[in-house]
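Fold and geometry: a report
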Amino acid sequence: MRVFVAVDPGAELLAKAGDLLRELSPRAPSAKWVEPAGLHITLAFMGEIGEERLPLVIAAAGSVAAFHRPLTLRIEKGGAFGTRRRPRVLWLGVGGAVGALTAIHRDLEQTLSMSTGYVPEDRPFEPHLTLARSRDPRGDPALDACAQAIGNVDFGETRIEEIIVYQSEMTPKGARYTALARVPLEGIGNPEPGR
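Per chain, residues are indexed from 1 in the order of the written sequence. For this predicted model, a pLDDT threshold of at least 70 governs which residues receive local features, and a threshold of 80 or more governs which side-chain atom pairs are given and counted, while totals over whole chains, interfaces and linings are taken from all residues. Only hydrogens and water are set aside; all other atoms, that is, all heavy atoms of the structure, feed into the side-chain values.

The side chains of a regular strand alternate between both faces of the sheet. Strand pairing requires that DSSP identify at least two bridges connecting the strands. Secondary structure counts use DSSP, requiring at least four H or I residues in a row for a helix and at least two E residues in a row for a strand, with both numbered from the N terminus. In the sheet, strand β1 (residues 2–7) pairs with strand β8 (residues 162–171) via 5 bridges, with the strands oriented antiparallel. Across the sheet, the residue bridging to valine 5 is valine 165, located in β8. Here 10 bridges tie β8 to strand β9 (residues 174–184), and the two strands are oriented antiparallel to one another. Bridge pairing links serine 168 to tyrosine 177 in β9. Hairpin connection from β8 to β9: 2 residues lie between these consecutive antiparallel strands.

Further remarks concern the UniProt feature "domain: Phosphoesterase HXTX" (unreviewed entry) in the protein chain. UniProt positions are given in the numbering used here, feature names are shortened, and annotations may be inferred rather than shown by experiment. In this structure's numbering, the residues bearing the UniProt feature "domain: Phosphoesterase HXTX" (unreviewed entry) are residues 18–91 and 100–177. Across residues 18–91, helical content stands at 28% and strand content at 36%; the span's end C-alpha atoms are separated by 13 Å. Here residues 100–177 is 32% helix and 35% strand, with 25 Å between the C-alpha atoms at its ends.

With respect to the secondary-structure elements, glutamate 76 resides in strand β4 (residues 71–82). Working rule for contacts: check all heavy atoms of both residues, and any pair within 4.5 Å makes them a contact. Residues contacting glutamate 76, with those up to four places away along its chain left out, are Leu92, Gly93, Val94, Gly95, Val153 and Asp154.

Structure representation (structure tokens):
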């Protein structure tokens, strides 16, 4: 099974993002657009794992969530990964308590690597919501215009109260995400450290 661990931006923000996706998608019709319900901020992408390892992933998420408190993020300022002329990924940025989110990500990667053999990605953690991906591995010039259009968006704040372990299944209509476990953030540290 294909598994990842993430946080969900909440129903109100997903509705706003859905409106934005409907507005932008005609500008880059060749891109692969994410369904609004599938928007999330990935903390750790496990990839393909055996079903017997799933309880270890859920336990790791639970132990990290028990240590960290809920936090408030701000979804704002979109952009793109890749070159300006041929972006590969269109995204919305994350502000607010990014330090607290980064601490959760760091602790999760460490716990997963100790308990499951997970190998963390060799790049800095950049929390974001992926809106679209280029179907062409060289990038999609039309995504640049979309990135310019969302450079100053501000969807406001969203409260993050849980970590979610998801299964990702590829279908002809794109990826379908199923929540396998939800673990509440309930740590006893300072409220929203890193804000």
